Amino acid sequence: MHDGSGRIAVQNLTKTFGAVTAVQNLSFTVEPGSVTGFLGPNGAGKTTTLRMLLGLVRPTAGTATVNGRQHHELGNPARVVGSVLDNGSFHPKRTARDHLRVYAAAVGVPDSRVDELLGLVGLAPAARRKAGGFSLGMRQRLALATALLGDPQVLVLDEPANGLDPEGIAWLRQFLRSFAAQGRTVLVSSHLLSEVEQTIDQVVIVSAGMTRYFGPLENLRQGQRSRVLVQPADGAALATALRESGITEVEPTQDGRVAVAGASLQQIGDIAAKSGIAVYGMEEQKADLEQMFFQLTSPQYSGAPIPGQPPAGQQAQYQQQSLYQGQQYQQQYQQQAYQQQYQQPGQQPQPNQGWGGQQQ
Ligand SMILES: Nc1ncnc2c1ncn2[C@@H]1O[C@H](COP(=O)(O)OP(=O)(O)OP(=O)(O)O)[C@@H](O)[C@H]1O
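What you see is a predicted model; the values in this text were computed from it and never measured. (Residues numbered from 1 in each chain as written. Predicted model: local features only at pLDDT ≥ 70, side-chain atom pairs only at ≥ 80, totals over all residues. Heavy atoms only, no water.)

1. So, the site of the ligand
Near the ligand you find Phe-17, Val-20, Ala-22, Pro-41, Asn-42, Gly-43, Ala-44, Gly-45, Lys-46, Thr-47, Thr-48 and Glu-159, and these make up its full shell. Residue Ala-44 places a main-chain N or O atom 3.0 Å away from an oxygen atom belonging to the ligand. A distance of 2.8 Å separates an oxygen atom of the ligand from a polar atom in the side chain of Lys-46. Within the residue set of the shell around the ligand, elements represented by two or more residues are strand E2 (20-30) and helix H1 (46-53). It is H1 that contributes the most residues to the shell around the ligand, three residues altogether. By residue class, the composition of the shell around the ligand is five nonpolar, five polar and two charged. (Near = heavy atom within 4 Å. Polar contact = N/O pair within 3.5 Å; in protein donor to acceptor, adjacent residues only side chain to side chain. Helix = DSSP H or I, 4+ residues; strand = E, 2+ residues; numbered from the N terminus. Nonpolar A, V, L, I, M, F, W, Y, C, P; charged D, E, K, R; others polar.)

Rendered as structure tokens:
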């Protein structure tokens, strides 16, 4: 028997297709009661992972389970996990209603459920139209209705916003949130953070078939706190003055400015004025989650070592959550770039770089 938890657990999952490693030692968990985004660029291995979770592809190594069981062990899987992996597998001559009735019979639910779901996904007016003439967005809605027939505890959707109009996207967002609010589990893939950012509360980020981050989206946001870039006459003196005032997140930037986190423009200006340090400019940099996402996933394209990626074979321990880790790797990466910049012939560190040895 499965454990009924609604938990998705992916452990050390690997899939190779000949010479192509689509998924490499991937580990993450998805808890019930939340909407989890499964994010990564094209070709990152999202669909392959979901297909392994749904028993459509056999893993080369590792496991992907729902309720502690692999898909083929779930009994009547449609009652446990509903999924939309593609939206084109309808008999083109069959009406939406007939399509759902065929599946309802297979799952073992009454026809009344079909009409209920047609209404829920907004397809009631098109119930007697043939699916072959449906738009992409209508096919998405029909696919979702099919996934929901068995009233599953877990919903797995691959790029569900594809083809939906803005109204459809807003509806889907609302629907997924209320589904999760009932204590159910939602895993939804996308290659665009902006597309799912308002829907999800947890996130799994993959790149080149490997887990880059998983945990609350909020942690990722906090890691991208706003900061103020200050152009002072004397960076070292400003850093000292700020630290003496209890503002400790201060570091020099590559362009000779001072980056300050955890303080407002006004606070910094007041401290500088009190200490007699001239300030020629201040700029507030807002947190940019998209940028963070891009930094986490872009090495897939560049072939560069992935910051935050543990050495091969240690990914199971990498696991999650720690944005702190992510930040560390990011900083390490930035520092390397910084060092490389000044290692180039003819370039010297600027005089106000690295003061106080405080850069973290
Ligand atoms: N059946 C297959 N045979 C060979 N290679 C495959 C197969 N399925 C997937 N791949 C390869 O595995 C890698 C991951 O593909 P996958 O479709 O899982 O990525 P994805 O993250 O879902 O991408 P997208 O956002 O573009 O859908 C790609 O390099 C892809 O070409």
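Resuming the write-up.
2. Quick look at the packing of aromatic side chains
Counted under the stated rule, the structure contains three aromatic pairs. Ring centres 5.3 Å apart and planes at 40° place the aromatic pair Phe-28 and Phe-38 in the tilted group. Of this pair, Phe-28 sits in strand E2 while Phe-38 sits in strand E3 (residues 35-39), and the two are 10 residues apart along the sequence. Residue Phe-28 is classed as buried on the basis of its relative accessible area of 1%. Take Phe-38: its relative accessible area is 0%, and that puts it in the buried class. On the numbers, 5.5 Å between centres and 10° between planes, the contact of Trp-171 with Phe-175 is stacked. With a gap of four residues between them, Trp-171 and Phe-175 both fall in helix H5 (residues 166-181), about one helical turn apart. Taking relative accessible area as the criterion, Trp-171 reaches 24% and is therefore assigned partly exposed. (Phe/Tyr/Trp six-rings, centres within 6.5 Å; stacked < 30°, edge-to-face > 60°. Buried < 20%, exposed > 50% of the residue type's maximum accessible area, 1.4 Å probe, protein only.)

3. Observations regarding the nonpolar core
Residues Leu-155 and Leu-220 are the most contacted members of the largest nonpolar core, which totals 48 residues. Ranked by residues supplied to this core, first place goes to helix H4 (residues 136-148) with seven residues. When neighbours within four sequence positions are excluded, Leu-155 is seen to be in contact with Gly-82, Leu-144, Ala-147, Leu-148, Phe-175, Leu-176, Phe-179, Thr-185, Val-186 and Leu-187. (Core = buried A, V, L, I, M, F, W, Y, C linked by side-chain atoms within 4.5 Å. Contact = heavy atoms within 4.5 Å.)

4. Here's the deal with the side chain of Thr-14
As for its placement among the helices and strands, Thr-14 is situated in strand E1 (residues 8-17). Setting aside its immediate chain neighbours within four residues, Thr-14 contacts Val-23, Gln-24, Asn-25, Met-52, Pro-59, Thr-60 and Ala-61.

5. Some thoughts on the pattern of salt bridges
Per the counting criterion, the structure on display carries nine salt bridges. Here Asp-201 makes a salt bridge to Arg-177, at a shortest N to O gap of 3.0 Å. In this pair, Asp-201 sits in the loop between helix H6 (193-196) and strand E8 (202-207) while Arg-177 sits in helix H5, placing the two residues 24 residues apart along the sequence. Through salt bridges with shared partners, a single network forms among Asp-255, Arg-257 and Glu-283. (Salt bridge = Lys/Arg side-chain N within 4 Å of Asp/Glu carboxyl O.)

6. A few points about empty space enclosed by the protein
Tallied over the full model, the rule gives three cavities of 30 Å³ or more. Here the largest cavity is characterised by a volume of approximately 90 Å³. Along the walls of the largest cavity sit Pro-160, Ala-161, Ile-169, Leu-172, Arg-173, Leu-176, Val-188, Glu-195, Val-196 and Thr-199, which together make up its complete lining. For the lining of the largest cavity, the secondary-structure elements that each account for two or more residues are H5 and H6. Among the elements that make up the lining of the largest cavity, the one with the highest residue count is H5 (four residues). The space that makes up the second largest cavity amounts to roughly 70 Å³. Considering the residues around the second largest cavity, the lining is formed by Val-84, Gln-140, Arg-141, Leu-144, Leu-157, Pro-160, Leu-164, Trp-171 and Leu-172. (1 Å grid on protein atoms, 1.4 Å probe; cavity = no way out; pocket = protein on both sides within 12 Å on 5 of 7 lines; lining within 4 Å. Points joined across faces, edges and corners; volume = space filled by probe spheres on them.)

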